[in-house]
Amino acid sequence: MFDRLAPMGRWNSRRAGPDHPRLFDDARDIPVPLEPPAPRARDALAPYAAVLAAAEATAIDTLGPRHAGQRVVIGGERRPADRHLGGDALLDDGSAVLPVRLAARAPQGLRAALAARFVLVSGVLRAHEGSLTLEPDEVVDLRAVARDLGARR
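Reading the values: rules and limits
Residues numbered from 1 in each chain as written. Predicted model: local features only at pLDDT ≥ 70, side-chain atom pairs only at ≥ 80, totals over all residues. Heavy atoms only, no water. Helix = DSSP H or I, 4+ residues; strand = E, 2+ residues; numbered from the N terminus. Buried < 20%, exposed > 50% of the residue type's maximum accessible area, 1.4 Å probe, protein only. Lys, Arg positive; Asp, Glu negative; His and termini not counted. Salt bridge = Lys/Arg side-chain N within 4 Å of Asp/Glu carboxyl O. Polar contact = N/O pair within 3.5 Å; in protein donor to acceptor, adjacent residues only side chain to side chain. Contact = heavy atoms within 4.5 Å. Phe/Tyr/Trp six-rings, centres within 6.5 Å; stacked < 30°, edge-to-face > 60°. Pairing = 2+ DSSP bridges. Core = buried A, V, L, I, M, F, W, Y, C linked by side-chain atoms within 4.5 Å.

A.B. asks: I keep staring at the side chain of D93 and nothing clicks. Help me out?
C.D. replies: Relative to the elements of secondary structure, D93 occurs in the loop between strand 2 (89-92) and strand 3 (97-100). Buried charge without a salt bridge: D93, with R42 as the nearest opposite-charge side chain at an N-O distance of 6.8 Å. Looking at D93, its side chain comes within polar contact range of the main-chain nitrogen of I60, at 2.8 Å. Within the structure, the side chain of D93 is placed 2.7 Å from the side chain of S95, a separation counted as a polar contact. Contact partners of D93, with chain neighbours within four places excluded, come to L45, T58, A59, I60, G75 and G76.

A.B. asks: I'm lost on the packing of aromatic side chains in this one. Help?
C.D. replies: Two descriptors summarise a pair of aromatic rings, namely the distance from one centre to the other and the angle between the planes of the rings. Taken as a whole, this structure holds one aromatic pair when the rule is applied. Between Y48 and F118 the ring centres are 5.4 Å apart and the planes differ by 40°, which places this aromatic pair in the tilted class. One end of the pair, Y48, is in the loop between helix 2 (42-45) and helix 3 (49-54); the other, F118, is in strand 4 (residues 118-128), and 70 residues separate them in sequence. Residue Y48 shares its accessibility class with F118, and that shared class is buried.

A.B. asks: How do you make sense of the pairing of strand 1 (residues 71-79) when you look at a structure like this?
C.D. replies: Successive side chains on a regular strand alternate, one facing one side of the sheet and the next facing the other. Here strand 1 runs beside strand 4; their pairing, made up of seven bridges, is antiparallel. Paired with R71 across the bridge in strand 4 is V124. With three bridges connecting them, strand 1 and strand 2 associate as antiparallel partners. Looking at the pairing, R78 lines up with L91 of strand 2.

A.B. asks: Just checking my understanding: could you explain the pattern of salt bridges for this structure?
C.D. replies: If the charged atoms of two oppositely charged side chains come close together, the side chains can form a pair. The final tally for this structure, using the stated rule, is six salt bridges. Across the pair R105 and E135 runs a salt bridge, and its minimum N-O distance is 4.0 Å. Pair noted here: R105 is in the loop between strand 3 and helix 4 (108-113) and E135 is in strand 5 (residues 131-141), with a separation of 30 residues, a long-range link. For R105, a relative accessible area of 70% corresponds to the exposed category. A salt bridge links R143 to D141, with the shortest nitrogen-to-oxygen separation between them at 3.7 Å. Classification of R143 by relative accessible area gives partly exposed; the value is 32%. Of the residues examined, D141 reaches a relative accessible area of 25% and is grouped as partly exposed. Taken together, the salt bridges that share partners define one network made up of R105, R126 and E135.

A.B. asks: Whenever I open this one, the nonpolar core confuses me. Can you help?
C.D. replies: The tendency in soluble globular proteins is for nonpolar side chains to be buried as a group. By size, the foremost hydrophobic cluster in this structure holds 20 residues, and its most contacted members are I74, L91, L98, L125 and L134. When contributions to this core are tallied by element, the ones reaching two or more residues are strand 1, strand 2, strand 3, strand 4 and strand 5. Residues in contact with L98, not counting those within four places in the same chain, are I60, I74, A89, L90, L91, L125, L132, T133 and L134.

Now the structure itself:
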């Protein structure tokens, strides 16, 4: 019985003809996966370590796709948006970089607060086009929080 099936396998196999669509012509056509920029804010955030610890800020490098939908607090240096990663800004906490994507309905005050150099962001992690982004619902200037915390001591 199996002897009769062997010729069938050869009959069904054929090479792609010139009119057969191809996904890529050669390796140069294969897109390279997008990598976020390297983190560089570790030393700049050192003076704010106590504030970040008090806020129970999460390190970006501990987050992954399985955390999508979770609410987090992250502190870091705001960097300009990357055109390849999308979003409205990048958040660099010294361990990794995460895109920040404001919701379309985000208030203007939230957009203005995101303009500060060092920010403490509370929001929800979202999966967007295969990568993790942060959708903030509160953004505060990390330097102002540190000054207030220092004044209370």
